[in-house]
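The residues making up each chain are set out below.
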Amino acid sequence: MNPIASPSAKTTGHLLDRLCDLGIRHVFGVAGDYNLRMLDEVLTHPGMQWVGTASELGAAYAADGYARLRGFAAVLTTHGVGELSAINGIAGSYAEYVPLLHIAVGPPRSKEQDGAVAHHTLGDGDYEHFARAFQQVVCADALIRPEDGPAEIDRVITTCLRENRPGYLRLPQDVALSSASPSSPTLRRPDRRATDQHSLAAFLDAARRRIETADTIAVLADSLVDRFDARPQLSDLLNAGSLPYAVVVSGKGVVDESAPNYLGLYAGACSDDTVRTVIDSADLLIRAGVRLADTTSGGFTHGYDPDRGINAGPTAASVDGVVFPNVSLHAALAGLTRLVEDCPVSASTPTAPEPRHASPSADSPLSQAYLWHAVGAAVRPDHIVVADQGTPLFGISPHRLPAGARFLAQPVWGSIGYSLPALLGAQLADPSRRGLLLIGDGAAQLTIQELGTIGRHRLTPVIILVNNDGYTVERALHNPRAVYNDITPWRWTRLPAALGVPEPLVLTARTTAELDHSLTTASAVEDRMVFIEACTAPDDTPELLSRFAEIARQQAKEAQP
């Protein structure tokens, strides 16, 4: 517990203490002249480590990955140029329900008051332009002043924790180092499990009647279960009823995918027939933290009725479209578990096959099908699998993860290049796990510079870079020979050393045998980064992507006037 701030305590000290209270030990960002003195405070704080990234965008992505493992994170940038560089990453965290804090340090109050034409501004004397931009992608924001700085910091952080989304603080340079007013000794964290008991009772009464009359029950899970700390409750529900269950791609890893009741990945009409039949034809479908999105439902080709069944969301639950407000996801799932235990349902789970692939000869050119079969088999329980939007996400997501493995992706926001800096943050958040990064060559060109940051921090992930000469996912969607789907070919195997990674092990796989050898070697070598360049043909696509692209092309054609 921190002591009540004295009149000589600094605003920055209060902020850093609050972050430490939340288990945060790293702050990500880029040094800029406005934030340098605040960075001195970060460096001297006993519980905090500065992680300087190659760009502010990389810092935001890294903070997102960190927050997914730790529950919160912080980004520190300079005013204007720095914060705008980060805003894409912050928007992604908002879209994906990831709580973090963006701290933007700007010119001192004297320049604000004078309307001075300061650098990193638009030159019009208005210092609020960028704060107004951030209001669109955060759940809370504040301009920090000495008289109420600690209270405002606490308010923004508390809102982030309650809503599971990013917050924004604008600190004038002089305010960051000013004396802070006295504040509460501890941060009062919101209770995200708080539930209206009357509403909960009404929900469970309606759910009981629905369960009692259901012939078949299935469960579909998504990432909000993880974001709102309801994994144990979902696990209890699945175990209590031995119910068949599936996940959408954004929910990979929130359930035990090695269990016999796990069906597989559900993606609307893109799903395996077995998975689709069980989910879409269930007399009662229980949805846990599910958000319908085009990229996770096969372009909204889901076959179940969203207005029927039981839906458990972060702050409300529903039965056949009747909404019961102020019911937490935790309470809804715990209540459903008791109902399923009291009203056992005969359930049998059909076996959904693993994605099929041919058995090529050792010297066969590497295919997408074989690549993701082999990578899926190489995932260990202690891995953090980070998959970038594109062929890596479509390729790996149908494969079952071993129990305990974590999975990070960004299918709703879908910003390519996210995964590499996110790996940096996730590895720092949980160094007991080894990172397994899956990224395409087009995506990597956006953020590859953070490979050097990963190396500087002596992290030892396995990085599989799919070199297929451009934007294969876009080729699958539209006009495969168009020049806008081409990228400049890089000499990928030279990059780790060029970017300062100490003693990287660099391998290239062009055949199935070379991939098998590379993955076996990577598993055995754990004391340094392993960088595998996996080469596939430009038009070769994972089966899931082929199905999705066919639907997308048809929908685009139908949308034409």
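All values reported here derive from a predicted model rather than from experimental measurement.

Draft legend 1. Inspection of the sheet that holds strand 2 (residues 49-52) at higher detail. Strand order in the open sheet made by the six strands is 2-1-3-4-6-5, with parallel pairing throughout. Edge positions in the open sheet fall to strand 2 and strand 5 (140-143), since each of these has one partner strand only. Averaged over all pairs of adjacent strands, the angle between their axes in this sheet comes to 20 degrees, without regard to strand direction. Sheet analysis places strand 1 (residues 26-29) next to strand 2, joined by four bridges and oriented parallel. Residue pairing across strands places Gly29 opposite Gly52, the latter belonging to strand 2.

Draft legend 2. Quick look at the sheet that holds strand 13 (residues 322-325). As summarised here, the arrangement of the seven strands in space is 9-8-7-10-11-12-13, forming an open sheet in which the pairing is mixed. On the outer flanks of this sheet lie strand 9 (262-265) and strand 13, each paired with one strand and no other. Strand-to-strand twist of the sheet, defined as the mean angle between neighbouring strand axes without regard to direction, takes the value 15 degrees. Relative to strand 13, strand 12 (residues 316-319) runs antiparallel, the two being bridged by four bridges. Residue pairing for strand 13: Val319 is matched across the bridge by Val322.

Draft legend 3. Seen up close, the environment of His129. Here His129 shows up in helix 6 (residues 129-134). Beyond its immediate chain neighbours, meaning those up to four positions away, His129 contacts Leu122 and Asp124. A polar contact of 3.3 Å, which involves the side chain of His129, links it to the side chain of Arg132.

Draft legend 4. Focus on the environment of Leu423. Residue position: Leu423 is located in helix 16 (residues 419-429). Leu423 has contacts with Val386, Gly435, Leu436, Leu437, Ile454, Pro461 and Ile463, leaving out every residue within four places of it along the chain.

Draft legend 5. Broad picture of unusual backbone geometry. Its identity as a non-glycine residue notwithstanding, Tyr97 has a phi of 60 degrees, on the positive side. Here Tyr97 falls in the buried class, since its relative accessible area comes to 17%. Not every positive phi belongs to a glycine, and Phe300 is a case in point at roughly 60 degrees. Among the secondary structure elements, Phe300 is positioned in the loop between strand 10 (284-288) and strand 11 (310-312). Phe300 sits in the partly exposed class, given a relative accessible area of 48%.

Draft legend 6. Examining the packing of aromatic side chains more closely. Counted by the stated rule, this structure contains nine aromatic pairs. Between Trp490 and Trp492, the ring centres sit 5.0 Å apart and the planes meet at 40 degrees, which makes this aromatic pair tilted. For Trp490, a relative accessible area of 31% gives the class partly exposed. Stacked on the ring of Tyr94, the Lys or Arg Arg165 has its end atom at 3.9 Å from the ring centre. Against the face of Tyr97 rests Arg165, its NZ or CZ located 3.9 Å from the ring centre.

Draft legend 7. Molecular detail of the packing of helix 1 (residues 11-21) against helix 2 (residues 36-44). Where helix 1 contacts helix 2, the axes come no closer than 10 Å and their chain directions differ by 45 degrees. The angle between helix 1 and helix 2 falls in the class oblique. Judged by the twist between their axes, the crossing of helix 1 over helix 2 is right-handed. Every residue of helix 2 that contacts helix 1 at Thr12, Leu15 and Leu16 is listed here: Met38, Glu41 and Val42. Across the contact of helix 1 with helix 2, the residue classes break down as four nonpolar, one polar and one charged.

Draft legend 8. Up close: the nonpolar core. Of all hydrophobic cores here, the largest spans 84 residues; its most connected members are Phe203, Leu234 and Leu336. Examining the composition of this core, we find that seven residues originate from one element, helix 13 (residues 329-342), more than from any other. Those residues within four positions of Leu336 in sequence are excluded, and the remaining contacts are Phe203, Leu204, Ala207, Ile211, Leu237, Ile286 and Ile310.

Calculation notes
Residues numbered from 1 in each chain as written. Predicted model: local features only at pLDDT ≥ 70, side-chain atom pairs only at ≥ 80, totals over all residues. Heavy atoms only, no water. Pairing = 2+ DSSP bridges. Helix = DSSP H or I, 4+ residues; strand = E, 2+ residues; numbered from the N terminus. Axes fitted to C-alpha atoms, helices over the stretch in contact; angles between N-to-C directions. Contact = heavy atoms within 4.5 Å. Polar contact = N/O pair within 3.5 Å; in protein donor to acceptor, adjacent residues only side chain to side chain. Buried < 20%, exposed > 50% of the residue type's maximum accessible area, 1.4 Å probe, protein only. Phe/Tyr/Trp six-rings, centres within 6.5 Å; stacked < 30°, edge-to-face > 60°. Lys NZ or Arg CZ within 6 Å of the ring centre and 35° of its normal. Parallel < 35°, antiparallel > 145°, perpendicular 65-115°, else oblique. Left-handed = near helix turned anticlockwise from the far one by under 90°. Nonpolar A, V, L, I, M, F, W, Y, C, P; charged D, E, K, R; others polar. Core = buried A, V, L, I, M, F, W, Y, C linked by side-chain atoms within 4.5 Å.

Read these as spatial facts, not as claims about activity.
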